[in-house]
Amino acid sequence: MTRLHHEAVVADVHNDLLMLVVRRPRSVWASYFRERWYPQLREGGVDVQVLPVYIDNEFRPEGALRESLRMIEAAHRIAEGNADVVALCRTGAEIDAALTSGRIALVLALEGCPQIDDDIELLQTLARLGVRIVSFTHYGRTMLADGSAEDATGGRLTKAGVDAVALLDQLGVLIDVSHVGRASVEHILELATRPVVATHSCAYAVHRHHRNLTDDQLRGIAATGGVIGVNFFAGFLTHEKPRIEHLVEHIAHIVDIAGEDHVGLGSDFIAEVFEEKVPTCDRPLILEGTNTEILVPGLEGPAGLPLVTDALLHHGFSEPVIRKILGANFVRILQGKSCKIPQ
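Computed from a prediction, not measured in an experiment: that's the story for all the values here.

Before going further, it helps to spend a moment on the pairing of strand β5 (residues 131-135). Most of β5 is tucked away: five of the five residues are buried. The pairing of strand β4 (residues 104-110) with β5 spans three bridges and is parallel. Residue A109 lies in a different strand from β5, and its bridge partner there is I133. This β-α-β element, β5 to helix α7 (residues 159-171) to strand β6 (residues 174-176), shows right-handed connectivity.

With 13 residues, α7 extends 18 Å from end C-alpha to end C-alpha; this agrees with the ideal 18 Å at 1.5 Å per step. For α7, the full list of buried residues reads A160, G161, A164, V165, L167, L168 and D169. Close packing links the buried residues of α7 with α6 (121-128), β5, β6 and α8 (182-191). Count one or two residues on from α7 and you reach G172, which has phi positive near 80 degrees.

Right, let's get into the packing of helix α9 (residues 215-223) against helix α11 (residues 244-258). Relative placement of two packed helices is described by the angle separating their axes and the distance separating the axes. Look at α9 against α11: their axes get within 9 Å of each other, and the N-to-C directions meet at 60 degrees. Taken together, the axis directions place α9 and α11 in an arrangement best described as oblique. Like other packed secondary-structure pairs, α9 and α11 cross with a definite hand, here right-handed. Residue-level inspection shows D215, L218, R219 and A222 of α9 in contact with α11, the latter providing H253, I254, I257 and A258. Of the residues contributing to the contact of α9 with α11, the split by class is five nonpolar, one polar and two charged.

Cut-offs applied
- Residues numbered from 1 in each chain as written.
- Predicted model: local features only at pLDDT ≥ 70, side-chain atom pairs only at ≥ 80, totals over all residues.
- Heavy atoms only, no water.
- Buried < 20%, exposed > 50% of the residue type's maximum accessible area, 1.4 Å probe, protein only.
- Helix = DSSP H or I, 4+ residues; strand = E, 2+ residues; numbered from the N terminus.
- Pairing = 2+ DSSP bridges.
- Right-handed = clockwise from strand over helix to strand, strands pointing away.
- Expected span 1.5 Å × (residues − 1).
- Contact = heavy atoms within 4.5 Å.
- Axes fitted to C-alpha atoms, helices over the stretch in contact; angles between N-to-C directions.
- Parallel < 35°, antiparallel > 145°, perpendicular 65-115°, else oblique.
- Left-handed = near helix turned anticlockwise from the far one by under 90°.
- Nonpolar A, V, L, I, M, F, W, Y, C, P; charged D, E, K, R; others polar.

Written as structure tokens, this is what we have:
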């Protein structure tokens, strides 16, 4: 691990590890995390880890809320059973306390909202349980918005989606536009009164995939004071054999378009999830035209994060800018501190 990586605050704002935790008996949720995931996070220098609550199709629609609550409960048990090394954080002050004590700050997020349908008051319930970031959809359509796979429809937010933006802004919960369709992203940016984030997205100008953000969207997120977490998933980075330089190319483009204060890391480490959940007979899993087993060498999991710092240094980024990208930008947002572009 480079000196810089070790010294910097490193925030990864998208790791689906809760999906694997809840596949195990609840009696071992905390110990499984400590034995399997904590060593990887420590080796990767992770100081802040956002834990998305993503609900597989098998639980939708009837079991979505129940599975969400199980995953949230798992996060609480992870924190309670490993209180010496991690803390589940609801506020900026709690993140500061965790970092000061040398523990990893865990933050809950919703990836898509199948668990609430159009009952947006449940967003407040979930916020009470610790959810600090919310995205409205995954690839498809929900009662709030359209996902990026629905771009051809031109769908904006529904009335429930508009009301959800207002409620989340009031609650101080961050709105996440990763996976949200183009027209719905524009609608969110029109309405939001607080910073908007994209937890795990790449640049459309670098690689034309509907999951990636256009330059106008990157500028729009930055104008709210928000941050874009760059996704490590090879299918969103390049058509070529993926290399870490492709990831850096996306980071550099977003820095050029949105500014150095508005870029972070949203790894989307999903290899272990696919390996465990996808039957051998269904492999390789082709997702949105991409073989999910093709990964950026060295970035199969959190332990590889120091390679990103090395690559950023090699590209020529200064140490202060790298510190922002590695985590300072997202920690600022999670702490509720503003960095809006002057009008």
